[in-house]
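Below are the chains, spelled out letter by letter.
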Amino acid sequence: TSILLTDGPTNISLNPSQVSYEVNKGTRIEPIQCEADCNQDCSFTWTKGGNSVSNTRTLQLSSVQSTDTGVYTCTALHARGYSMTKNVNVQVICKY
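Think of each chain on its own: its residues are numbered from 1, step by step along the sequence as written. Per-residue local features are limited, in this predicted model, to residues with pLDDT of at least 70; the limit for side-chain atom pairs, both in listing and counting, is 80 or more; totals at the level of whole chains, interfaces and linings are taken over all residues. To obtain the side-chain values, all non-hydrogen atoms of the structure were included, while hydrogens and water were left out.

S.K.: Is there a simple way to explain the side chain of His78 in this structure?
M.R.: Assignment of secondary structure puts His78 in the loop between strand E7 (70–77) and strand E8 (83–93). Of the residues examined, His78 reaches a relative accessible area of 2% and is grouped as buried. One polar contact links the side chain of His78 to the main-chain amide nitrogen of Arg80, over a distance of 3.0 Å. Those residues in contact with His78 that sit more than four places away from it in its chain are Asp7, Gly8, Pro9, Cys38, Gln40 and Cys42. Secondary structure elements follow DSSP: runs of H or I no shorter than four residues count as helices, runs of E no shorter than two count as strands, and numbering proceeds from the N terminus. Here's how the labels work: a residue is buried when its accessible area is under 20% of the maximum for its type, exposed when over 50%, partly exposed in between, all with a 1.4 Å probe on protein chains only. Distance and chemistry together define a polar contact, namely a pair of N or O atoms within 3.5 Å, with one atom able to donate a hydrogen and the other to accept it when in protein, and with adjacent residues in sequence counting only for side-chain atoms on both sides. Whether two residues touch is decided by their heavy atoms; if any such pair falls within 4.5 Å, the residues are in contact.

S.K.: Is there a simple way to think about the state of the cysteines in this case?
M.R.: In protein chemistry, a disulfide is the covalent bond that joins the sulfur atoms of two cysteines. A pair of cysteine sulfur atoms is labelled a disulfide when the two atoms are within 2.5 Å. If you walk through the whole model with that rule in mind, you get two disulfides. One disulfide in the model links Cys34 with Cys74; its S-S distance is 2.0 Å. Handedness of the Cys34-Cys74 disulfide follows from its S-S torsion of about -100°: it is left-handed. One end of the pair, Cys34, is in strand E3 (residues 29–37); the other, Cys74, is in strand E7, with 40 residues separating them in the sequence. Here Cys38 connects covalently by a disulfide to Cys42, the sulfurs 1.8 Å from one another. One quick way to see it: the torsion about the S-S bond of Cys38 and Cys42 is about -90°, and its sign makes the bridge left-handed. Classification of Cys38 by relative accessible area gives partly exposed; the value is 24%. Disulfides within the protein link the bonded cysteines, taken in sequence order, as 1-4, 2-3.

S.K.: Just checking my understanding: could you explain the sheet that holds strand E4 (residues 43–48) for this structure?
M.R.: Strand pairing in a sheet relies on backbone hydrogen bonds, with the paired strands running either antiparallel or parallel. Judged by pairing direction, the sheet is mixed, and its five strands sit side by side in the order E2-E8-E7-E4-E5 without closing on themselves. Each end of this open sheet is capped by a strand with a single partner; those strands are strand E2 (20–24) and strand E5 (51–54). For this sheet the average axis-to-axis angle between neighbouring strands, irrespective of direction, equals 30°. Being paired, for any two strands, means DSSP has found at least two bridges between them. The pairing of E7 with E8 spans eight bridges and is classified as antiparallel. By the bridge assignment, Cys74 is partnered in E8 with Lys86. Every axis in this analysis is a line fitted to C-alpha atoms, fitted for helices over the stretch in contact. Angles between the N-to-C directions lie between 0 and 180 degrees.

S.K.: How should the sheet that holds E3 be read in this particular structure?
M.R.: Here three strands make up an open sheet; going across it, the order is E1-E3-E6 and the pairing antiparallel. The open sheet has two free edges, formed respectively by strand E1 (10–15) and strand E6 (58–61), since each of these has just one partner strand. Pairwise comparison of adjacent strand axes, ignoring direction, gives a mean angle of 10° for this sheet. Alignment of E1 against E3, held across four bridges, turns out to be antiparallel. From the neighbouring strand, Ser13 faces E3, where its bridge partner is Glu35.

Following this line, the structure appears as structure tokens:
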């Protein structure tokens, strides 16, 4: 049996493509979609600091707090075990 690397995921990207956000405390970030080319469906997860924050291709952050600051990683995983990741940096600005 040969392994087909064309099964994906390849070309992982974010929509919008912005990879760094500075937002005010209490505001929301428009949903961020993680996308990848896969021969068959890929599953998507978002993590922050190794902890799962979403089991879908969409990252949604509403009413952000200082604890939401950090690097969020989208992982596209093919059923055969191949994966790709893409990071988004979120910085929450606390204004008093």
